[in-house]
Each structure stands twice: as structure tokens, then as C-alpha cells.
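Residue strings, one per chain:
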Amino acid sequence: MKPITNRRRFLLDSLALTGTVMLGGCDGISRTEWAPKVLNSATALSRAAQRALTGDAMVEEFSEADISPWFRPNGSTDPASVAYRALAANGFRDYRLEVGGLVTHPLSLSLDQLRLLPNRTQITRHDCVEGWSVIGKWTGVQLSRVLQLAQPNAAARYVVFHCYDDGYYESLGLDSACHPQTLLAWELNDKPVPIANGAPLRLRVPRQLGYKMAKYLRRIDLVASFKDTGGGNGGYWEDQGYQWYAGI
Amino acid sequence: MQKRVLYRHTLPLRIMHWVNAVCLLILLGSGLQIFNAHSALYWGQGSDFHHPWLILGATSDGDGSLRGVTMVGPYRFNTTGWLGVSEMDGAPTERGFPNWATIPGPQWLALGRAWHFFFAWIFAINGVCFVAYALWTRHLIRDLVPTRKDWRGIGRSIVDHALLRHPCGEAAARYNVLQRVAYLVVIFGLGGGIVLMGLAMSPRMDSVLGWLVDLVGGRQSARSIHFLLAMGFVAFFLIHMFEVVITGLGNNLRSIITGRYAIEVETHHETDH
Ligand code: HEM
Ligand code: HEM
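The paragraphs below set out a description of the structure included in this document. Quick caveat: nothing in here was measured; it's all calculated off a predicted structure.

With that settled, consider the coordination of the iron atom of ligand 1. Octahedral six-donor coordination of a metal ideally yields angles of 90 or 180 degrees, compared with 109.5 degrees for tetrahedral four-donor coordination. All names here are of chain B. Those donors, His17 (NE2) and His240 (NE2), are the protein atoms that reach the iron atom of ligand 1, and they lie 2.0 Å from it. Note that the iron atom of ligand 1 binds six donor atoms; their angles at the metal cover 87 to 179 degrees, and the shape is octahedral. In this pair, His17 sits in helix α1 (residues 11-36) while His240 sits in helix α8 (residues 219-246), placing the two residues 223 residues apart along the sequence. Of the residues examined, His240 reaches a relative accessible area of 17% and is grouped as buried.

Here's what the structure looks like:
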């Protein structure tokens with residue numbers, strides 16, 4: 001039955017070859033200009049579907065017993081900029097959060113002024129794009145409260161966050177920015193946010209992945225489009241190819 | 001003996017079968033790419049970094065050479081070259097799964113995720129179409145759900161499979177009981193499960209799927225189960241290919257490409273007349 005075995009060999013070889021060509025092909029395709037655009041187009045679908053299915057629903061909040069022993073920091077853990085070093089040296093007493101862009105009342109808020117606004121404490125899970133999760137207790141003010149004070153114009157569509165670790169920035173749509181669990185937080189597990197986790201003030205957006213939650217906040221701008229900021233994709237990691245919508 | 005050719009798989013089924021196969025290959029490759037970004041798995045809501053149940057890690061020997069170490073629960077294995085440490089551009093490199101198994105090949109999480117979520121949509125839509133079609137045409141009830149008679153013969157079927165004895169003649173015209181059970185487990189158990197666990201890992205979906213996340217023990221458990229179901233697909237694939245080859249590769253391939261499948265039938269009653 002020689003011919004049969006040959007045919008089998010041939011078929012098996014072609015299967016193996018197809019596999020290799022496909023995986024290799026995926027690499028070639030990955031490096032083209034168009035592939036990331038086409039592949040990422042599914043993100044728009046994911047975002048629309050997730051919005052329709054979840055609306056403004058809140059993510060689960062946990063109990064004290066669930067808090068992780070260590071809130072793993074990621075990305076930059078100790079900004080080197082001169083401005084930041086000076087603030088840190090003084091225990092962040094001179095810290096001010098600037099809020100500007102397309103707003104009626106630009107703001108410059110100290111930590112004490114922020115603390116006077118209604119506080120919110122939430123024990124939520126932090127999901128990193130790398131795959132791990134940790135649970136922590138965050139205290140801060142809802143971003144929506146700060147935006148109410150600043151009064152965004154009708155033209156404002158996105159909120160852009162600029163940071164003290166040079167070059168890092170992030171952005172959210174107004175819907176995410178105004179979600180009740182979106183906080184500007186100054187406390188982690190009942191203590192001032194440590195430097196590694198974004199002192200003195202960082203963003204919490206528990207409905208999205210960790211890279212959206214800018215640390216070391218410096219300035220918040222309301223804008224009509226983020227095309228002219230940074231690399232134009234809405235964030236530091238987005239400029240490296242990560243999806244702007246990080247709900248999955 | 002004479003051959004009778006029957007029309008076994010309709011065109012929509014054949015198309016959906018192949019769309020599914022391509023999606024799975026890409027989802028597995030891009031999934032392993034995602035896994036490599038943090039090549040450890042945990043049980044529970046958060047990651048207890050001291051107690052993963054699976055690590056594909058690396059240690060360096062006294063002489064500075066890298067050794068791949070795979071830890072599953074309390075067991076450690078040296079997997080240099082395959083898991084933990086593998087060749088990249090000719091040099092041993094720290095990597096969970098090796099280059100040849102991931103999409104894209106080099107470490108590139110952002111694009112791995114782009115591939116994964118694009119094909120996840122196609123996989124899920126294709127799956128829903130399959131189930132709708134199988135219900136509508138009664139393919140599910142007729143060909144996939146085992147009959148009472150099938151269940152009674154399951155012991156015998158297991159022995160036959162183990163001895164690599166396969167139904168022939170008219171009996172091969174329909175799926176046997178183990179085939180039926182395997183297909184149902186794959187379609188609803190692995191397929192349905194992996195989509196649900198994929199969604200359970202989405203922080204946004206957790207605002208409405210919190211109950212599901214809690215049910216499986218937390219988000220990291222969902223990630224572990226998602227991974228194990230993917231390995232389940234790999235196991236099924238290997239068995240599926242084995243069965244395809246030993247029950248007649250040419251005939252099987254023809255049937256799943258063109259729909260036509262040949263069975264051997266006794267010819268004597270015709271000559272009897
Ligand atoms: C990649 C993963 C794959 C999965 C999950 C899968 C799954 C399935 C399922 C569920 C069926 C039953 C379909 C039905 O009747 O509704 C089936 C049938 C079949 N598949 Fe696959 N398949 C895969 C890949 C392949 C490949 C690569 C080949 C070819 C080399 C193949 C060849 C066949 C054949 C020949 C049948 C029909 C079996 C028969 O008529 O007895 N499959 N497969
Ligand atoms: C609708 C279908 C699917 C969805 C929504 C989905 C979603 C996801 C998500 C969100 C992750 C990232 C987890 C993390 O943060 O680490 C992931 C990882 C992964 N996926 Fe999928 N996936 C789907 C189907 C599949 C299929 C069919 C396979 C394989 C056959 C697969 C294999 C993997 C693997 C191996 C990983 C990395 C390890 C892990 O996190 O479990 N996925 N998937």
C-alpha cells in the first residue's frame with residue numbers, strides 16, 4: 001500500500017506546513033501598516049457591546065478581608081523629574097492639581113481642598129493588562145465632582161490626564177470619567193498613596209485595565225479630541241499600540 | 001464489498017467547521033502570547049504572588065546559563081528549550097511559551113490582544129450560528145445527542161475505541177456514542193465555557209457578570225479556567241486528528257471538505273437474487 005502511505009505523508013506534511021505558514025504568516029501580517037488597524041477595529045465593537053450590556057453598572061466592591069497584602073505597582077514607581085522630586089521632598093504640601101482646557105472655571109486644587117469635597121472609599125479589584133489582579137481600598141473624590149466644579153463646555157468630549165512621570169498621559173471619555181467609581185484617590189488601604197502606587201494623587205477606573213489609571217496626576221484637561229496630545233492615540237500605552245478602550 | 005458514498009456534512013456545517021478551526025489556531029497562539037506577559041496562574045479573585053499554581057519561569061545556573069523551570073503545584077520540571085526558557089534569535093531567552101507557539105512570535109502583548117479579541121468575535125459569532133443551525137436543522141438532536149441505545153452501548157464503545165476498533169459498514173454512517181459525547185462536550189463545555197471565562201476576565205463585564213466571577217472563585221480563577229479550557233481544546237484536537245487519521249484520512253478529509261463520505265457495504269444480498 002505504498003501509494004496510500006505516500007498520500008498520507010503528503011497530507012500530513014501539508015497540514016504541518018499550513019500550520020507553520022499560518023503562524024509565520026500571522027507574524028508577517030502583524031508587521032504591516034493595516035493589520036493592527038483591522039484587528040483593533042474589533043475594539044470598537046467590544047466597546048459598543050459592553051456599553052450596551054453594562055451601562056453604568058458598578059463593579060463589585062469587596063470587604064476588608066479581601067484586600068491583597070501587597071498592591072503590586074507597575075510601570076514607573078519613582079518619577080525622576082525635578083518638579084516631582086521637589087514635591088516629594090516636601091511631603092507633597094505644595095501639590096496642586098490643575099484642571100483646565102474646555103472648562104468654564106479652571107481650577108487649581110490642593111490636596112486639602114480635594115479632601116473637603118465629598119469622599120468616597122471603595123475596595124475594588126485592579127486588573128493589569130498583563131493578566132494579574134490585586135485588591136485595594138481607595139479613598140478619594142469622584143472625578144465627576146471635580147468636573148462639576150470646573151464646568152466643562154459643550155465642546156468637551158474627553159478628559160486627558162497629564163502626569164509627573166514625564167511623557168505619561170491617559171484619557172477617558174466623559175461617560176467613563178463621570179462613572180461613580182471613577183476616583184481621584186489620595187489614600188490606599190487607609191494610608192497616603194505610596195510613591196510606587198502614584199503619590200500623591202492617582203486615577204482609579206476599576207471598570208478598565210490598570211494602564212488607564214494614571215499615577216502622579218499633574219493636570220487634567222478637557223478636550224474635544226486627543227489627536228494633538230502625545231502620539232495622538234489617547235495615552236502613553238495607546239501610543240505603543242494598546243487599545244484606548246481597556247474594558248477587556 | 002462495495003462502496004456507497006453518502007452526503008455527510010452540509011455546506012454550512014463544513015464552512016463553520018473550518019472557520020472555527022482557523023479561529024482556534026489564532027486564538028490559541030495569541031492567547032499564549034497574552035499568557036507570556038505574566039506567565040503564572042492563580043486561584044481566587046486577586047493574584048497571590050507567592051502561590052501561583054502554575055509558573056513557567058526561569059532560573060540561572062551557577063555559570064549564568066538560563067534554565068527553564070515549570071512549576072505545577074508542588075512539582076518542578078526542567079523544561080529548558082520548551083517552557084520558561086527557549087531559543088530566540090539563536091540565544092536562550094526567558095519566555096513562558098516559545099516563539100513558534102505565539103502570535104505574534106516575539107513578545108508583543110498589545111498586538112497579541114488585538115489578534116485575540118478580533119478572532120474572539122468571529123469565534124463567538126460562528127459558534128452562535130452553528131448552534132442555531134444545528135437546532136434549526138435538527139442536526140443537534142439527530143446526529144449529536146446520543147440516543148438511548150447509544151448510551152446503553154457506551155461501555156462497549158469505550159473498549160472498542162481503546163482497541164482502535166472502529167465501526168464500519170452501515171454503522172459508520174452515523175456518529176458513534178463517544179464521538180457524540182466528545183463533540184457535545186467540545187461545543188458546549190469547552191466552547192461555551194471559554195467564551196464565558198473570557199468575558200469574566202473583562203473588568204467592564206464584571207459589573208454585570210460579578211456573580212459568574214464569584215461562582216468560579218474570582219477573576220484569577222476565571223483566567224486559570226480559561227487557560228485549562230484552551231488546553232482542553234488542544235487535547236481534543238490531538239485526539240480528533242488521531243481519529244481522523246486512523247479511520248481513513250482521505251475519506252475523512254474529503255467528507256469535511258466536500259461533504260462526501262464513503263462507507264463499505266455488503267454486496268451479497270444483491271448477488272443473492
Ligand atoms: C481546530 C480544532 C477543531 C475542532 C474544535 C473541531 C471540532 C469538530 C466537531 C465539533 C465536529 C463535529 C461537527 C458536527 O457534525 O457538527 C468535527 C467533525 C470533523 N472534523 Fe473537526 N475540528 C477541528 C479541526 C479539524 C481539522 C484540522 C480537521 C482535518 C484534518 C478536522 C476534521 C474533521 C472531520 C473529518 C470531521 C467529521 C468526522 C466524521 O464525519 O466522522 N477537524 N470537528
Ligand atoms: C469569545 C472568546 C474569547 C474571549 C472573549 C477571550 C478573552 C480573553 C481574555 C480577556 C484574555 C486575557 C486574560 C488576561 O488578562 O491575562 C484571554 C487570554 C487567553 N485566551 Fe482567550 N478568549 C476567548 C477565546 C479563547 C480561545 C478559543 C482560546 C484557545 C483555544 C483562548 C486562549 C487563551 C489563552 C491561552 C489566554 C492566555 C492565558 C489566560 O489568560 O488564560 N481564548 N482570553
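Resuming the write-up.
What follows deals with the coordination of the iron atom of ligand 2. Residues and elements named next belong to chain B. The iron atom of ligand 2 binds to the protein through His116 (NE2) and His226 (NE2), with metal-donor distances spanning 2.0 Å. Coordination at the iron atom of ligand 2 comes from six donor atoms whose angles at the metal span 86 to 179 degrees, giving a geometry best classed as octahedral. One end of the pair, His116, is in helix α2 (residues 109-136); the other, His226, is in helix α8, and 110 residues separate them in sequence. Judged by relative accessible area, His116 falls into the buried class, the value being 12%. Taking relative accessible area as the criterion, His226 reaches 17% and is therefore assigned buried.

Residue and element names in this part refer to chain B. Taken together, 22 residues lie near ligand 1, and Arg8, His17, His139, Tyr175 and His240 sit nearest. Between ligand 1 and His139, the relevant distance is 2.7 Å, taken from an oxygen atom to a side-chain nitrogen or oxygen of the residue. With respect to ligand 1, the side chain of Gln179 contributes an N or O atom lying 2.8 Å from an oxygen atom. Counting only elements with at least two residues in the shell around ligand 1, the list comes to α1, α3 (139-144), α6 (177-200), α8 and α9 (249-257).

Before going further, it helps to spend a moment on the environment of Arg260(B). Residue and element names in this part refer to chain B. Note that Arg260 resides in strand β8 (residues 260-265). Taking the C-alpha atoms as reference points, Arg260 and Gly29, 231 residues apart in sequence, are found 32 Å from one another. Residues within four places of Arg260 in sequence aside, it is in contact with Val5, Leu6, Tyr7, Asn251, Arg254 and Ser255.

On to empty space enclosed by the protein. Scanning the entire structure with this criterion turns up two cavities of 30 Å³ or more. Within this model, the largest cavity holds a volume of roughly 80 Å³. In this structure, the largest cavity is lined by Val59(A), Glu60(A), Phe62(A), Arg125(A), Asp127(A), Pro206(A), Gln45(B), Pro203(B), Asp206(B), Gly210(B) and Val213(B). Residue assignment for the lining of the largest cavity shows that the elements contributing at least two residues are β3 (119-127) of chain A together with α7 (206-215) of chain B. Looking at which element gives the most residues to the lining of the largest cavity, the answer is α7(B), with three residues. Considered class by class, the residues forming the lining of the largest cavity number five nonpolar, two polar and four charged.

Moving on to a nonpolar patch on the surface. Residue and element names in this part refer to chain A. On the surface, Ile29, Trp34 and Val38 cluster together to form a nonpolar patch covering roughly 270 Å² of accessible area. Along the chain, Ile29 turns up in helix α1 (residues 2-30). By relative accessible area, which is 32% here, Ile29 ends up partly exposed.

In space, the four strands of this open sheet follow the order β2-β3-β4-β5 (chain B), with antiparallel pairing throughout. Looking at which strands have only one partner, the edges of the open sheet turn out to be β2 (40-41) and β5 (75-78) of chain B.

All names here are of chain A. A complete count under the given rule lists 20 salt bridges over all chains for this structure. Across the pair Asp27 and Arg31 runs a salt bridge, and its minimum N-O distance is 4.0 Å. Look at Asp27 and you get buried, because its relative accessible area is 16%.

Let us look at the packing of α2(B) against α6(B). Residue and element names in this part refer to chain B. One can describe the packing of α2 onto α6 by two numbers: an axis separation of 11 Å at closest approach and a directional angle of 145 degrees. Judged by the sense of rotation from one axis to the other, the crossing of α2 with α6 is left-handed. Only Ile187, Phe188, Gly191, Ile194 and Val195 of α6 make contact with α2, whose side of the interface consists of Phe123, Phe130 and Val131.

The next thing to look at is α7(B). Turning to α7(B), its buried residues are Asp206(B), Ser207(B), Leu209(B), Gly210(B), Leu212(B) and Val213(B). Where α7(B) is buried, its residues touch α2 (34-54) and β3 of chain A together with α6 and α8 of chain B. Phi for Gly217(B), located one or two positions after α7(B), is positive at around 105 degrees.

Rules of the game
Residues numbered from 1 in each chain as written. Chains lettered and ligands numbered in written order. Predicted model: local features only at pLDDT ≥ 70, side-chain atom pairs only at ≥ 80, totals over all residues. Heavy atoms only, no water. Donors = N, O, S within 2.8 Å, 3.2 Å for Na, K, Ca; no water. Tetrahedral: all angles 85-135°; square planar, octahedral: opposite > 155°, others 65-115°. Helix = DSSP H or I, 4+ residues; strand = E, 2+ residues; numbered from the N terminus. Buried < 20%, exposed > 50% of the residue type's maximum accessible area, 1.4 Å probe, protein only. Near = heavy atom within 4 Å. Polar contact = N/O pair within 3.5 Å; in protein donor to acceptor, adjacent residues only side chain to side chain. Contact = heavy atoms within 4.5 Å. 1 Å grid on protein atoms, 1.4 Å probe; cavity = no way out; pocket = protein on both sides within 12 Å on 5 of 7 lines; lining within 4 Å. Points joined across faces, edges and corners; volume = space filled by probe spheres on them. Nonpolar A, V, L, I, M, F, W, Y, C, P; charged D, E, K, R; others polar. Patch = residues over 30% accessible without salt bridge, like charges linked within 9 Å, V, L, I, M, F, W, Y side chains within 5 Å. Areas by Shrake-Rupley, 256 points an atom, 1.4 Å probe, with all protein chains shown as cover. Salt bridge = Lys/Arg side-chain N within 4 Å of Asp/Glu carboxyl O. Pairing = 2+ DSSP bridges. Axes fitted to C-alpha atoms, helices over the stretch in contact; angles between N-to-C directions. Left-handed = near helix turned anticlockwise from the far one by under 90°.

Note that all results are geometric; they support no functional claim without further evidence.
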